[in-house]
Amino acid sequence: MHSPIQLPETWQTLLSQTIESPEALIRYLQLPETILQDAHRASAEFTMRIPRPWLDRIEKGNLDDPLLRQVLPLGEELNEVAGFTQDPLEELHSNPVDGLIHKYKGRVLIILTGACAINCRYCFRRHFPYAENRLGPAQWQNIIDYISADKSITEVIFSGGDPLVSSDARIKQLIADLEQIPHLTRLRIHSRLPVVLPQRVTASLTSILQQTRLNVVTVIHSNHPQELDDQVATAIHHLRQANVTVLNQAVLLRGVNDSSDILAALSEKLFNIGVLPYYLFTFDPVKGAAHFDVPDTEAKQLMRQLQDRLPGYLVPRLAREIPGRGAKTLLFIDQD
Ligand SMILES: *Cc1c(COP(=O)(O)O)cnc(C)c1O
Ligand code: SF4
């Protein structure tokens, strides 16, 4: 008797099979048809995109599921809200070379690709003109020249989009080029893939990261403990075995993680799988996402509650990006 052999699904296959039609989402998660019209209108502005491993962590039939809320296009996105703009971080002004943002001392951020495996409805890059920042060989050479010429730059940050959407071969080549620049010491990778598509953390990727002379930090992005299943834990374990430091950044989002119980559980779960909390960002005023906003006073209250119940190293830094500043702005919590 033969039983069919189940080949493990590669991350590329999973990436090519993301759910992008509201009808498919509704069917898969048994959601009410009433949300369909709004979902279509909102996804015409910013495509819905959900990888299956993420979908499988969502409770069927629950419109309030915290993972669903991060990806479901809602009618609210079409509201015009004063102060919520296309480019809240004014990043388009810190682009000395195509594909490179040099806003902070010592660190440059490189936009490897505009693509993501998931489209988060609150994303502050939802209006970023990625097409103008396509990273071809000529742009890459300009970036290498720019970094080589500035000895104050010690860290390169791969960002996007999601830089791990790039192939292992490409990442390997980019790292090989960067390694030639003697004043670089650190490589940071900002990626949501270890969470949303943990299959991306392949043996070949971890071996590239283990072999580079650069000190590698990966900053993952998880907002809710329900995102962190066994496959995510395995991916993080493999990164750590390759001597990669793993940190997490989260965004404080109304209806997703705006409670100290959830935030504390997130920190505990992260630490259990080998990740330290790094930043908790207050929401950027990006057009189309005002319904996720949590006011500062409430954010600070939540942080106080976290400080009361967690060891200091499990309390993320509450921060925001203010255009024109040379660092993230930390929001301090009043101590009485
Ligand atoms: C957030 C960010 C960084 C990294 O800031 P850290 O505080 O070092 O995490 C670097 N460059 C840009 C443009 C950024 O937005
Ligand atoms: S993964 Fe990151 S860059 Fe991509 S849509 Fe989500 S928040 Fe934005």
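Let me begin by describing the structure that accompanies this report. (Residues numbered from 1 in each chain as written. Chains lettered and ligands numbered in written order. Predicted model: local features only at pLDDT ≥ 70, side-chain atom pairs only at ≥ 80, totals over all residues. Heavy atoms only, no water.)

### Some words on empty space enclosed by the protein
No. 1: Under the defined criterion, the tally for this structure stands at one cavity of 30 Å³ or more.
No. 2: If you add up the space inside the largest cavity, you get close to 80 Å³.
No. 3: Contributing to the lining of the largest cavity are Asn248, Ala250, Leu263, Leu266, Ser267, Leu270, Pro277, Tyr278, Tyr279, Leu280, Leu306 and Pro316.
No. 4: Of all elements in the fold, only strand 6 (245-251), helix 11 (260-272) and strand 7 (276-281) reach the threshold of two or more residues within the lining of the largest cavity. (1 Å grid on protein atoms, 1.4 Å probe; cavity = no way out; pocket = protein on both sides within 12 Å on 5 of 7 lines; lining within 4 Å. Points joined across faces, edges and corners; volume = space filled by probe spheres on them. Helix = DSSP H or I, 4+ residues; strand = E, 2+ residues; numbered from the N terminus.)

### Here's the deal with the pairing of strand 7
The side chains of a regular strand alternate between both faces of the sheet.
No. 1: Taken across its six residues, strand 7 has five buried, putting it largely inside the fold.
No. 2: Bridge count for strand 6 against strand 7 is five bridges, and the pairing is parallel. Counterpart to Asn248 in the pairing with strand 7 is Pro277.
No. 3: Read as a crossover between parallel neighbours, the route from strand 6 over helix 11 to strand 7 is right-handed. (Buried < 20%, exposed > 50% of the residue type's maximum accessible area, 1.4 Å probe, protein only. Pairing = 2+ DSSP bridges. Right-handed = clockwise from strand over helix to strand, strands pointing away.)

### Quick word on the site of ligand 2
No. 1: What surrounds ligand 2 is the set Cys116, Ile118, Asn119, Cys120, Cys123, Gly161, Arg192 and His221.
No. 2: Of the residues in the shell around ligand 2, the class split is four nonpolar, three polar and one charged. (Near = heavy atom within 4 Å. Nonpolar A, V, L, I, M, F, W, Y, C, P; charged D, E, K, R; others polar.)

### Re the side chain of Asn248
No. 1: Among the secondary structure elements, Asn248 is positioned in strand 6.
No. 2: Excluding residues within four positions of it along the chain, Asn248 makes contact with Val219, Ile220, His221, Ser222, Leu266, Leu270, Val275, Leu276, Pro277, Tyr278 and Tyr279. (Contact = heavy atoms within 4.5 Å.)

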